[in-house]
Amino acid sequence: MKVLVLGQGGREHALVHALSQSSLVTEIHVIPGSDGMMSQALCHKLDWKSTEALIDFCLKTEIEYVVIGPEDPLVAGLADRLRERGILCVGPSQEGAKLEGSKIFAKEFMTQAKIPTAKYEVVSYVEETLKKCEHFTPPYVFKADGLAAGKGVYICKDKEDLERSAREVFEKKILGDAGRRAILEQFSPGWELSYLILTNGNDFQTLPLAQDHKRLCDHDEGPNTGGMGTIAPLKISQNLRDDIDQKIVRPTLDNLKKNGILYRGVIFFGLMITEQGPSLLEYNCRFGDPETQVILPLVDGDWGQILKDLAAGILKPIQTKNMAATCVVMAAPGYPYSPQKGVKIEGDLQFSSPSGYFLHAGTAKADANNWVTNGGRVLCSMGIGPTLEEAQKAAYVQASKVTWNRIQMRKDIGAKMIKPNPTKTNAN
Ligand code: GLY
């Protein structure tokens, strides 16, 4: 069976890694992929935006199904184009992907489905933002409506900070069209949980629960990033799980169906667990990055088969291993604002052990023996073990095998969840 993965980052390398262990998958193709994936997959320099060429490639290569990694192709409707031509794929329709593509659509959808979420206002210019912020107490959450590659969310400590953010987005237009409108939202204190499901639109299977570390520096300081590291599984009480399923997951699926929206893929619920219960911060219409890196290895099954079934709308129960995983992101100097490319990576990039390995997020091969940074998040250092503590230790042992000038890496991935009890920890 030949499978195509779209994308090039750490999440897609995690998918390639999981598919390479499948007994059914004979060839893994990636568009565009990266140098770091080449030992496990065939990478092709094709642009997903050239839809006809992509469809041609799938048909000629006899691709069994396509896994769409990032959100942009989903929001642009690529899953619909593939399905129209009889090509199976993992990913929602364009309408379904709007849950991530428009924060305003998502909030209206949550309101319609009576899903617990922070109160909000839609804003489109600075003065309106400053006026409407009187309805909230600081800190304020200001979110660009459209896709902004992880740069569209501002947590503003006071009105001055909010004004600065609103000016950047509405006047300097640093996010382009994605910032034409925005959401102003009440900040919810609590701890964050990445709750991912596989769904065919009717039923769902919950994947091992993960926690991301979004701030750049230890102790949750510094700017927001795409994610500096993850741990899984997070153990939560059955009551909390039932609450999430009944108040958030089921109403989402029911409302998708009510609105006639086809959804076959992953829904990633970004949750804040508050004192009042779970509150939905945002939807993502794809696997998380770097959540995928820690979730996939904990599933006891053949990912080649699981994703094939999902692409065909079939869901079977997910079994999990009694194991834990940690992903420590190793980032380039300048990340997240202006990551430096071309910095030489020193050490043993090929190092792996039963409890550790690297996934490539933004690397490039400079020549036969040398690798350089080629993106913001460069490497994912993976640790797997029987407990979170051992997985964390393994990930840092793995990370110690390479370095580069002015590397950025958090030293506290998982620290809060290992001790003390997660349900009593304020993660943000
Ligand atoms: N780790 C957050 C995301 O994938 O959006």
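Reading the values: the criteria
- All residue numbers here refer to positions counted from 1 along the written sequence of the relevant chain.
- Local features in a predicted model are, by the rule used here, given only for residues with pLDDT of at least 70; side-chain atom pairs are given and counted only at 80 or more, and totals for whole chains, interfaces and linings are based on all residues.
- Note that the side-chain values use all heavy atoms of the structure and ignore hydrogens as well as water.
- Residues are classed as near a molecule or strand on a simple rule: at least one heavy atom within 4 Å of it.
- Polar contact is the term for a pair of N or O atoms within 3.5 Å; when the atoms are in protein, one must be able to donate a hydrogen and the other to accept it, and sequence-neighboring residues count only if both atoms are side-chain atoms.
- Exposure was quantified through the Shrake-Rupley algorithm and a 1.4 Å probe, taking into account, for residues, occlusion by the shown protein chains and nothing else.
- The nonpolar class holds Ala, Val, Leu, Ile, Met, Phe, Trp, Tyr, Cys and Pro. Asp, Glu, Lys and Arg form the charged class, and all remaining residues, Gly among them, are polar.
- Counted as salt bridges are all cases of a side-chain nitrogen of Lys or Arg within 4 Å of a carboxyl oxygen of Asp or Glu.
- The helix and strand labels rest on DSSP assignments: H or I over at least four residues marks a helix, E over at least two residues marks a strand, and numbering proceeds from the N terminus.
- Only protein chains enter the accessibility calculation, which uses a 1.4 Å probe; a residue whose area is less than 20% of its type maximum is buried, one above 50% is exposed, and one in between is partly exposed.
- Paired strands, as defined in this entry, are two strands with at least two bridges between them according to DSSP.
- Between two residues, a contact is recorded if the distance between any of their heavy atoms is within 4.5 Å.
- By convention a nonpolar core is built from buried Ala, Val, Leu, Ile, Met, Phe, Trp, Tyr and Cys residues, the set being connected through side-chain atoms within 4.5 Å.

**Here's the deal with the site of the ligand**
- All residues in the neighbourhood of the ligand are listed as Asp212, Gly226, Phe268, Asn284, Arg286, Gly288, Asp289, Pro290 and Glu291.
- In the model, a nitrogen atom of the ligand is placed 3.4 Å from a nitrogen or oxygen of the Gly226 main chain.
- Here an oxygen atom of the ligand sits 2.9 Å away from a polar atom, N or O, in the main chain of Asp289.
- When the ligand is considered free in solution it has 200 Å² of accessible area, and contact with the protein chains removes 89% of it.
- Residues of the shell around the ligand, tallied by class, amount to two nonpolar, three polar and four charged.

**Focus: the pattern of salt bridges**
- Under the criterion given, the structure shown has 25 salt bridges.
- Linking Glu185 and Lys143 is a salt bridge whose minimum nitrogen-to-oxygen distance equals 3.4 Å. Remark: Lys143 occurs in strand E7 (residues 140–144) and Glu185 occurs in strand E9 (residues 182–186); sequence separation between them is 42 residues.
- Among the residues examined, Glu185 registers a relative accessible area of 2% and is labelled buried.
- Across the salt bridge formed by Asp412 and Arg410, the nearest N and O atoms sit 2.8 Å from each other. An identical accessibility class is assigned to Asp412 and Arg410; each is buried.
- A single network of salt bridges, built from pairs that share partners, joins Asp220, Arg410, Asp412 and Lys416.

**Observations concerning the sheet that holds strand E21 (residues 363–365)**
- Pairing is antiparallel across the open sheet formed by four strands, whose spatial order is E21-E22-E19-E24. Each edge of the sheet is formed by a strand with only one pairing partner; in this case those strands are E21 and strand E24 (402–403).
- One ladder, built from two bridges, connects strand E19 (residues 344–347) with E24; its direction is antiparallel. Counted as the bridge partner of Glu346 is Thr403 from E24.

**Details of the side chain of Lys107**
- Assignment of secondary structure puts Lys107 in helix H6 (residues 103–112).
- Polar side-chain contacts of Lys107 include one of 2.6 Å to the side chain of Thr117.
- The contact partners of Lys107, leaving out residues within four places of it in the chain, are Thr117, Ala118, Tyr120, Ile183 and Glu185.

**Some words on the nonpolar core**
- Formed by 56 residues in total, the largest nonpolar core has its most connected members in Val66, Leu193, Phe269 and Tyr283.
- The biggest single contributor to this core is helix H9 (residues 238–258), with six residues.
- Those residues in contact with Tyr283 that lie beyond four places of it in its chain are Leu99, Glu100, Ala106, Phe109, Met110, Ile115, Thr252, Ile267, Phe268 and Phe269.
- If you look at the next biggest cluster of nonpolar residues, it comprises 48 residues, including Ala41, Val67, Met228 and Ala325.

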